[in-house]
Amino acid sequence: MTRGYNFGAGPATLPQAVMERAQAELLDWNGQGMSVMEISHRSEAFLTLLNQTEQDLRQLLAIPESYRVLFINGAARTQFSMIPMNFLAKEARADYLVTGTWSKMAYQEAGKLAYANLVADGKGLNYLGVPEVSTWKLSDEAAYFYYTPNETITGVAIERLPDIVKVPVIVDMTSCLLSQPIDVSRYGLIFAGFQKNIGPAGMTVVIMREELLTETPYPLPTMMDYRTYIESNSCYATPATFNCYMAGMMFQWLLSQGGLAAVERGNRRKAAKLYQYIDASDFYHCPVPSKDRSMMNVAFKLHDEALNTEFLTEAKAHQLLALKGHRSVGGMRASIYNAMPESGVDALLAFMVHFAANR
Ligand SMILES: *Cc1c(COP(=O)(O)O)cnc(C)c1O
């Protein structure tokens, strides 16, 4: 069996070096005589690991001291509820920019608990682009502004939030955190599920400015309250220990690549190669306009959609895996997160050229 190039959107490919180290250490981690999966989350060895993991993430993103880093078990979308629960005091409202599946779900979830204002909705564009900023309708007094800078399903990205937003910004960076340097101080809260760019599915990292927390109109369930995670250093309940370990290795791997500026250069090169070829081709096309394209999830279509199945079958035979687009968009999607080596993109391009030439 050989390991192919996995272009899946998530759970996504992890660096081979990280997987190999996990394999080598699986039965006896760190001289403990047991697996990292089997060790107490209260043990010194594990707490050291968790602390180092946080420190490495702080270094990668240059996270200011005034921000807390929380590791919360569960899906990224748990945050869709935790955010309004924790930040919307009585009669408060929040602004939601809807540009695709994930921001729409977050908007609907917030609407169950409080008043969520729809700033703009990409529906008219079939969520294949970002609504013009001139059409955005911001509230006068929103508690926060929420958006999703990388809509994973359609491959639509917002490279830079316009300066018109004056309230704390909350972002779902599940599919783009760590793909490039960011200025953390521009955000009130950043969250990312692990399974795209960080590690195995089942945990979410939250980076938040603590002062944002307000008095909530009702007592929160303990596990839905950010204070629980702040006060216990993410160890109130048992954290997903193996995920923390994998994330820690991922962060060290990113540091060894030269940090996020170097990582971004590689990511830009990978994405540019694909988009340039697709744009120049009369066999393939990209449904997203250039200004709104994602660097992480490259959506593309064959002009002759009748060839889709053949394309996917042949790609698989070339060890190019999980290229099928999301069912809501159709076509293809190549997710090229940090862990996708440039050689994977080169192999995909060579295959696309070959496939087009033989029709
Ligand atoms: C994948 C994804 C999610 C959902 O993640 P779950 O852990 O399945 O809830 C949310 N937001 C974005 C941007 C995603 O890419």
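Residues numbered from 1 in each chain as written. Predicted model: local features only at pLDDT ≥ 70, side-chain atom pairs only at ≥ 80, totals over all residues. Heavy atoms only, no water.

Peer 1: Where do I start with the site of the ligand in this structure?
Peer 2: With respect to spatial proximity, the complete set of residues near the ligand consists of A75, A76, R77, W102, T148, N150, T152, D172, T174, S175, Q195 and K196. At 2.8 Å, a backbone N or O of A76 approaches an oxygen atom of the ligand. At a separation of 2.6 Å, a nitrogen atom of the ligand approaches a polar side-chain atom of D172. When the ligand sits alone it has 390 Å² of accessible area, and the protein chains cover 91% of it. Tallied by class, residues from the shell around the ligand come to three nonpolar, six polar and three charged. (Near = heavy atom within 4 Å. Polar contact = N/O pair within 3.5 Å; in protein donor to acceptor, adjacent residues only side chain to side chain. Areas by Shrake-Rupley, 256 points an atom, 1.4 Å probe, with all protein chains shown as cover. Nonpolar A, V, L, I, M, F, W, Y, C, P; charged D, E, K, R; others polar.)

Peer 1: Help me understand unusual backbone geometry in this model?
Peer 2: Excluding glycine, residues mostly have negative phi values, and the peptide bonds linking residues are mostly trans. Note that the residue after G10, namely P11, is joined by a cis bond; omega there is -10 degrees. In this structure, N233 takes a positive phi of about 50 degrees despite not being glycine.

Peer 1: Could you clarify how one ought to interpret the environment of R160 in this entry?
Peer 2: You can see R160 is positioned in the loop between β7 (156–157) and β8 (169–172). Taking relative accessible area as the criterion, R160 reaches 56% and is therefore assigned exposed. Separated by 11 residues in the primary sequence, R160 and P149 have C-alpha atoms spaced 8.2 Å apart. (Helix = DSSP H or I, 4+ residues; strand = E, 2+ residues; numbered from the N terminus. Buried < 20%, exposed > 50% of the residue type's maximum accessible area, 1.4 Å probe, protein only.)

Peer 1: Would you take a moment to explain the pattern of salt bridges for this structure?
Peer 2: Between side chains of opposite charge, a pair can form as their charged atoms come close. On inspection of all chains with the given rule, the structure shows 14 salt bridges. One salt bridge connects E342 with K273, and the closest N-O pair in it is separated by 2.8 Å. Of the two residues, E342 is situated in helix α9 (residues 342–357) and K273 in helix α7 (residues 260–280); the sequence distance between them amounts to 69 residues. Assessed through its relative accessible area of 27%, K273 is described here as partly exposed. One salt bridge connects D279 with R293, and the closest N-O pair in it is separated by 2.9 Å. (Salt bridge = Lys/Arg side-chain N within 4 Å of Asp/Glu carboxyl O.)

These figures capture arrangement, not role.
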